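Chains, contacts and geometry: an overview
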Amino acid sequence: MCILLFVFHSFIAGAQTAGVSGIVKDEKGIALPGVSVGIKGTTVGQITDNNGHYSLNVPKESRTLVFSYIGFLKQEVQINGRSTINVVLVPDSKNLSEVVVIGYGTQKKSDVTGSLSSLSSKDFKDQPVTRVDQALQGRVAGVQVVSNSGAPGGDVKIRVRGSNSILGDNNPLYVIDGFIGGDFNNLNPDDIANIEVLKDASSTAIYGSRGANGVVLITTKKGNAEKQEITLTPIFYTSRVIKKMDLLSAADFAATVNTRNTALGLAPYFTQAQIDNFKANGGTNWQDQVFRTAPGQEYKLGYSGGNAKTQFYISGDYLNQNGIVINSNYKRYALRSNINSKFSDKLSTRLNISAIRRENLNTNNQGTGGSVNQALAWAPTTPVRTAAGTYTLVDPLGSIRYNPVALANDVENIVDNSNITLNGGANYHFFKDLSLDVSFGVDYQNIQGKNYSGPSVTNNIPNASRTSTELFNLQNTNTLNYSHIFNNVHSLNVTAVFEQQKYTSTGFSANANSLTFANLGFDNLALSTTQSAGSTYSGSALISYLGRVNYAYKDKYLLTVSVRRDGSSKFQPTNQESTFPSVALGWKLSEEPFIKKLNVFDTFKIRGSWGLTGSQAINPYATLSTYLSDAFSAANSFNNTSVSSGIVLGNAANPFLKWETTQAEDLGLDLSLFNNRLSFTADAYMKNTRDLLLSLPLPAYAGGGNIISNVGKMKNSGLEFNIGGTPVQSGKFTWSSSFNITFQKNLVKSLGSLASVFSDKSVANAGAGLSTQPEFIIKPGYALGSYWGLKYLGTWKPSEAAEAAKYGNKPGDSHYQDLNGDNAINGSDFQIIGNGTPKQSLGWNNTFTYGDFSVNIFVQSLLGFSKLDYTYASSITANADAKQATNVGVLNRYIPGVNETSNIPAFSSTNKDYFESSRFLENGNFVRLKNLNVSYHLPKGTIKGVDLKLFVGATNLFTITKYKGFDPESTNAGSGSDVTQSIDFGSYPNSKTFNAGAVFKF
C-alpha cells in the first residue's frame, strides 16, 4: 500500500510541475556561481553551481523566477512555459558609483584620492547604539575609540591616527550636515544616514587649522519622495558591572587583620567569637552595596516622506538609562526636523532643525574618593549604617575616606545640557555645470551645573554650587562649484569657498559652604555661612578662504589639489593667518586594458597624498598676559600682623605664538574582487607635527609663572588594513563580514631646550604619599602616555637578606631597582616603566542571515598597552588611606618559612608599597565581544500594514583580558589630552548590557 501511495503521489507531483534550467552569466559572458535562483512567492530555490547552471522543478501555477546576487541588480524573469531560461545579470551601478561626502561637496567613491572610511546606518543597525562613538568603535581602521567611563552618557575618547598635540585637544573635528564643530553627544544616532571619516591630509586639509586630528562628517537622514513611512522602535535594557573584584569575606578579613597586627607587634583586633560570627552571618559586601542591576528604556519615532518637490524627515527620541553605580542616571530627549525643497530646476533649499536635552546625574568619572574605589577600601566588617539608621561615618579598619554608599547617595552632581541647532541653506544652478550654495548655521547650548554634597560626606558641613554656561556658534559658508567633462576624457570639478565662524561663551558660578538647611541643597545658596561667585567670557572668530580642484583623465588618472587659508583671532596680527595646502594622486589600474583582461579585479586603485593641516591648540587669550589676584597667589604681609591682597603675573604674554602644523603623507591601495563580493583597503601613513605648543616655566627673576611657546615636534606613523565581503551566499543563508586592524606608533621627537616635561599628578594623594611624583612624563624618544615610576623586582628573598638590609628592608619586603646605586629608593630611581597608549586596535563585524533570521556578532580589541592599576593597588596594600588590604590576593603574600616565593610583600613594618611602580603596571590588552544581536523579521503580510522586526542582544557580553581591575577599557584619564593615558583609580567601569526591542514600520 505504501508503495502504491508513493507512486501515486509522484505521478500527481510530476503532473503539477515542470523542469526549468539554464545558465546565469555577467555582462562579460562569465558564468556566475552562487547566484540565488528562487520561485517568486515561495521558499523554493537553489543556487547556481560553479558553471553558473541551475535546475528547478517549478509548479505549473508559478510565473516568475527571481535571480539575485551581491553586486548585481535583482532580476525577475517571466517563465511563460519555457524550460530553458538563460539570464545575464547587470552590475548594480548604484554600488559601483557610490557617492561619499568629502567636505564641501561629494564625490564618487571610486574617484576618491584621499584616505576616507565610510559607514552607513546599515553598518550598525544590528547594534542598539545610543551615541555616535558606539557606531564608530571598532568599525573604522585608524580610528580608536575608548570608553573612558562606563557611566551612561560618560566620557569617551576618539582618536584618528594618533595624537598630534601635547597642550591642545586631540579629538577630531565633527561636521554635522555641513555645520563645523558640532558635538556628537547632541545627536540621536537613529538620525544618522552616513558617517565619513577623513584621515589623511588630502582629505582634512580642506578644514585647515582644525583638520590635524581628523574629520568626522555626519550626514543625517532625509525624506523619501516615493513613500511615507513611520518607524517606531522601543528598546528595553538591563545592565550590570562587567565583573567584580575578588575581595576578602568579613571572616577572612578579620583573621587577616589579626595576623597583620601580630606581625607588626600589635594585639589582635578581633576576638575568635567575632570571627565565628562573621563566618556564620557574613559582613558587608561593599561592591554589592554600590553596584546594581540597572534598567533602561528608549523609544525612537521617525516619520519621513514627501513628493517630487519637498521631502521631510521628522524624528523623536527618549532615552532613560540608569547607571550600574547607585544614584547615577542619564536621560536624553531629542527632536529633529529635516526639510528639503526643490522650487525649480535651478533652486533648491534645505532646513535642518534639531533640539536635544541631556540630563546627567552623577555620571562624572570616579576617582580616589569615589564610591567605586571606596567600595574596595572599606572593611567588610563595617556596616553601611549604624544601629540608629544613619550612615556609618568612620571605618575603624579600612579607608579614612567617606562611606561608599553615602558618597553615591548623599552627593548630587547634575549637568543639564540643552542644545538647539538650526542649519539651513540654498543651492542655485546658474547653468548645468555651475552652482552656488549658501548656508547659515546657529548652534546654541545652555549648560546648567548643580552640585551638592551632604552632611555625611562633608564632616557635617554641607556645601553646594551652581554653574551656568551659554555657548553660541555662528557659521556662514558660501560654496561655488563648477563641474564639467571635456571631450569625454577630461573630468574637472572646481570648488571655491568663503567661510566665517564666530564663537562666544559666557558663564557664571556661585558656591556656598556650610548650608543652613542641607535639604535645600543648591536651590537656595544664600542660606549658608559663606558664599562666592564668579563669571567668565570668551570669544573668538575664524575666517577662511579655500579652493579645491578634482581632475580625472579617462576616469583612470586622478588628481586632487586643495589650499585653505585661515585667519584666527586667537593669535596676534603677525601670526593670525596660515595656509594649508594638499595634493593627492590616484591611478585606477582596473581601468587599464592589461588589468581588465585578467578578469580578476572590479576595483584596483593606488593613491598617495601629501598635505599640511593645523591646530589652534590654545584658548582665545593665550597670547596675552594673565594675572592672579587670589589670596593664595597674590597676598602678602608687610607688617607680619595683617595680609594685603594684590595682583601678580600669572602666565606671561607671548605675541609670537603661531599654529601647530602637521605634515602628513599617505599611500593607499583599494581593491575589490569577485563582482565586488570581496573588498580590501590598505594605508600607510606618517604625520610630523611641528611648532608644538607647550607651557614652559619662567624663572622667578623674569616674573615666574609660565609662558606658552612653540617648541616641540612629534611623529605619528601607522598601517591600516580593512577587508570585507560576503564569504558565503548560499540559498537563504548569507554571511557578511568585515575586519579591520590598525598598527600605530607615536614618538615625541623634540621639546626644544627641555629634556623632559612632567604631567600634573593624575591622582592626588594616592597611596598616602607613596605616589610621590607625577605618573606621566613627556620625553623625546618616547611616546605620549609614558609611565614614570619605580621598577619593581619582586620581594626580597632569604638569600638577599644582606643586600636588603642596606635599604632598611628584610626578606618579604618590596624590592625596587636602585638606578644610581646609592642604597636608597627615592626620586632618583624613577624611570619610564611602560606606556598607556594602545599600539593596535581591531574590529571584526559579522552578520549571519538565514531567511528572516539574522545574527550579528561584533568583536573589538585594543592591544599593546599597559594600565597603571591604582584600583588594584589600593585593595592589595595597607597604607594610611586604606589601613588594611581587602583583596583576596593578600592571602598569597610572602610568609616567612611558609611562602617565600611570593612577590606580594609580607606584613612588615619595614615594607613600603609604592603605588607608582611596575608592580601595579598591568597588561591592558583585551578582546571583547562588543555586540551579540539576534533578530527575526516577520514575513511581510503577517500583520497587515505593519513591517515588524523583533530582536534581543547583549553588549560587552564577555572580555578576554589579564587585567586585574574592573574593566581594562575605563580610565581616569580625560578624553581631550593624551599626556595621561589608561591610569585607573576607581574609574566608572563599563557595563554588561542586555537588550530587547522591536522595530515597527507603518
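Just so it is clear, the model here is predicted, and its values are computed rather than measured.

Definitions and limits used
Residues numbered from 1 in each chain as written. Predicted model: local features only at pLDDT ≥ 70, side-chain atom pairs only at ≥ 80, totals over all residues. Heavy atoms only, no water. Helix = DSSP H or I, 4+ residues; strand = E, 2+ residues; numbered from the N terminus. Rg over C-alpha atoms; globule rule 2.2 N^0.38 Å. Buried < 20%, exposed > 50% of the residue type's maximum accessible area, 1.4 Å probe, protein only. Areas by Shrake-Rupley, 256 points an atom, 1.4 Å probe, with all protein chains shown as cover. Lys, Arg positive; Asp, Glu negative; His and termini not counted. Charge placed at Lys NZ, Arg CZ, Asp CG, Glu CD. Salt bridge = Lys/Arg side-chain N within 4 Å of Asp/Glu carboxyl O. 1 Å grid on protein atoms, 1.4 Å probe; cavity = no way out; pocket = protein on both sides within 12 Å on 5 of 7 lines; lining within 4 Å. Points joined across faces, edges and corners; volume = space filled by probe spheres on them. Nonpolar A, V, L, I, M, F, W, Y, C, P; charged D, E, K, R; others polar. Pairing = 2+ DSSP bridges. Axes fitted to C-alpha atoms, helices over the stretch in contact; angles between N-to-C directions. Polar contact = N/O pair within 3.5 Å; in protein donor to acceptor, adjacent residues only side chain to side chain. UniProt positions renumbered as here; feature names shortened; annotations may be inferred. Parallel < 35°, antiparallel > 145°, perpendicular 65-115°, else oblique. Contact = heavy atoms within 4.5 Å. Core = buried A, V, L, I, M, F, W, Y, C linked by side-chain atoms within 4.5 Å. Patch = residues over 30% accessible without salt bridge, like charges linked within 9 Å, V, L, I, M, F, W, Y side chains within 5 Å. Phe/Tyr/Trp six-rings, centres within 6.5 Å; stacked < 30°, edge-to-face > 60°. Expected span 1.5 Å × (residues − 1).

1. Examining the overall build of the protein chain
- The secondary structure content of the protein chain amounts to 13 helices and 51 strands.
- Relative to the 2.2 N^0.38 estimate, which gives 30 Å for 1002 residues, the radius of gyration of the protein chain is 33 Å and therefore close to what a compact globule would have.
- Projected onto its principal axes, the C-alpha positions of the protein chain cover 105 × 90 × 60 Å.
- Evaluated residue by residue, the protein chain yields a buried proportion of 51% over its 1002 residues.
- Counting only carbon and sulfur atoms, one obtains 58% of the accessible surface of the protein chain, whose full area is about 43,500 Å².
- Distance between charge centres in the protein chain, computed from 85 positive and 73 negative side chains, equals 5 Å.

2. As for the pattern of salt bridges
- Counted by the stated rule, this structure contains 37 salt bridges.
- A salt bridge links Arg161 to Asp666, with the shortest nitrogen-to-oxygen separation between them at 2.9 Å. Of this pair, Arg161 sits in the loop between β12 (157-160) and β13 (173-176) while Asp666 sits in strand β34 (residues 660-673); the two residues are 505 residues apart in sequence, bridging distant segments of the chain.
- We classify Arg161 as buried; its relative accessible area is 2%.
- Ionic contacts of the salt-bridge type, sharing partners, join the residues Arg161, Lys199, Lys605, Arg607, Asp666, Asp670, Asp683 and Glu720 into one network.

3. Thoughts on empty space enclosed by the protein
- One pass over the structure, following the stated rule, counts 10 cavities of 30 Å³ or more.
- Of the volumes computed, that of the largest cavity is approximately 540 Å³.
- Among the residues forming the lining of the largest cavity, the class breakdown is 11 nonpolar, 20 polar and 4 charged.
- Roughly 160 Å³ of volume is contained in the second largest cavity.
- The wall of the second largest cavity is formed by 15 residues, among which Ile176, Arg336, Ser354, Thr421 and Asp443 lie closest to the centre.
- Counting only elements with at least two residues in the lining of the second largest cavity, the list comes to β21 (347-361) and β22 (411-431).
- When its residues are assigned to classes, the lining of the second largest cavity shows 4 nonpolar, 7 polar and 4 charged.

4. What about the sheet that holds strand β6 (residues 75-78)?
- The sheet built from 4 strands is open, its strands ordered β3-β2-β5-β6 with antiparallel pairing. Edge positions in the sheet fall to β3 (45-47) and β6, since each of these pairs with one other strand and no more. Strand-to-strand twist in this sheet, taken as the mean axis angle between neighbours without regard to direction, amounts to 20°.
- Examined bridge by bridge, strand β5 (residues 64-68) and β6 share 4 bridges and lie antiparallel to one another. The residue of β6 that forms the bridge with Leu65 is Val77.

5. Overview of the pairing of strand β17 (residues 229-241)
- Note that β17 and strand β18 (residues 294-306) share 11 bridges and pair antiparallel. Across the sheet, residue Leu232 finds its bridge partner in β18, namely Leu301.
- Pairing of β17 with strand β51 (residues 991-1001) involves 9 bridges; the strand directions are antiparallel. Note on β51: the bridge partner recorded for Ile235 is Gly997.

6. What about the side chain of Thr113?
- Within the secondary structure layout, Thr113 lies in the loop between β9 (106-108) and β10 (116-120).
- Relative accessible area serves as the criterion here: at 4%, Thr113 is assigned to the buried category.
- Within the structure, the side chain of Thr113 is placed 2.9 Å from the side chain of Thr560, a separation counted as a polar contact.

7. A few points about the UniProt feature "domain: TonB-dependent receptor plug" (unreviewed entry) in the protein chain
- Those places that UniProt annotates as "domain: TonB-dependent receptor plug" (unreviewed entry) correspond, in this numbering, to residues 109-215.
- In this annotation, residues 109-215 is assigned 8% helix and 25% strand; the end-to-end C-alpha distance for the span is 17 Å.

8. Looking at the packing of helix α5 (residues 250-263) against helix α6 (residues 272-281)
- Running from N to C, α5 and α6 cross one another at 155°; their axes reach a closest spacing of 7 Å. In terms of their interaxial angle, α5 and α6 are classed as roughly antiparallel. Mapping the contact onto sequence places Ala250, Ala251, Ala254, Ala255 and Asn258 in α5 and Ile275, Phe278 and Lys279 in α6.
- Classifying every residue of the contact of α5 with α6 by side-chain character gives 6 nonpolar, 1 polar and 1 charged.

9. Description of the environment of Phe486
- With respect to the helices, strands and loops of the structure, Phe486 is situated in strand β24 (residues 463-486).
- By relative accessible area, which is 33% here, Phe486 ends up partly exposed.
- The spacing of Phe486 and Tyr553 is 67 residues in sequence and 9.7 Å in space, taken between C-alpha atoms.

10. A closer look at the sheet that holds β13
- An order of β10-β15-β16-β13-β14 is seen for the 5 strands of this open sheet, with the pairing classed as mixed. Strands with a single pairing partner mark the edges of an open sheet, and in this sheet they are β10 and β14 (179-180).
- Summarising the sheet, strand β15 (residues 192-198) and strand β16 (residues 215-220) pair through 6 bridges and their orientation is antiparallel. When the sheet's bridge partners are listed, Leu198 is paired in β16 with Val215.

11. A few points about the nonpolar core
- Counting 51 residues, the largest nonpolar core has Phe270, Phe291 and Phe966 as the members making the most contacts within it.
- Among the secondary structure elements, those contributing two or more residues to this core are α5, α6, α7 (286-290), α8 (371-377), α9 (404-409) and α13 (870-876).
- Here this core takes 5 residues from α5, the largest share from any one element.
- Each residue touching Phe270, except ones within four places of it in the same chain, is listed here: Ala254, Val257, Asn258, Ile275, Phe278, Thr381 and Leu397.
- Core analysis: the second largest hydrophobic core is formed by 21 residues, Val129, Val132, Val156 and Val216 among them.

12. Looking at a nonpolar patch on the surface
- On the surface, Ile230, Leu232, Leu301, Tyr303, Ile314 and Phe1002 cluster together into a nonpolar patch covering about 490 Å² of accessible area.
- Of all the secondary structure elements, the ones that give two or more residues to the nonpolar patch are β17 and β18.
- Looking at the element boundaries, Tyr303 is found in strand β18.
- On the basis of relative accessibility, which here comes to 31%, the residue Tyr303 falls in the partly exposed class.

13. Regarding the environment of Gly162
- Along the chain, Gly162 turns up in the loop between β12 and β13.
- Filtering out sequence-adjacent residues up to four positions away, Gly162 remains in contact with Asn716 and Gln744.

14. Observations concerning the packing of aromatic side chains
- Scanning the model with the defined rule gives 33 aromatic pairs in all.
- Their ring planes at 65° and their centres at 5.0 Å tell us that Tyr303 and Phe312 sit as a pair that is edge-to-face.
- When the ring of Tyr870 is compared with that of Phe985, the centres are 5.5 Å apart and the planes differ by 85°; the resulting orientation is edge-to-face. Of this pair, Tyr870 sits in helix α13 while Phe985 sits in the loop between β50 (959-961) and β51, and the two are 115 residues apart along the sequence.

15. A few points about the pairing of β15
- Within β15, 6 of the 7 residues are buried, leaving the element largely enclosed by the surrounding structure.
- Looking at chain direction, β10 and β15 are connected through 5 bridges and run antiparallel. If you follow Leu119 over to β15, its bridge partner there is Ile195.

16. So, α5
- Helix length check: α5, at 14 residues, gives a terminal C-alpha distance of 20 Å against a target of 20 Å (1.5 Å per residue), a fit within 8%.
- Residues of α5 that are buried include every one of Ala250, Ala251, Phe253, Ala254, Thr256, Val257, Asn258, Arg260 and Asn261, and no others.
- If you follow the buried residues of α5, they end up packed against α6.

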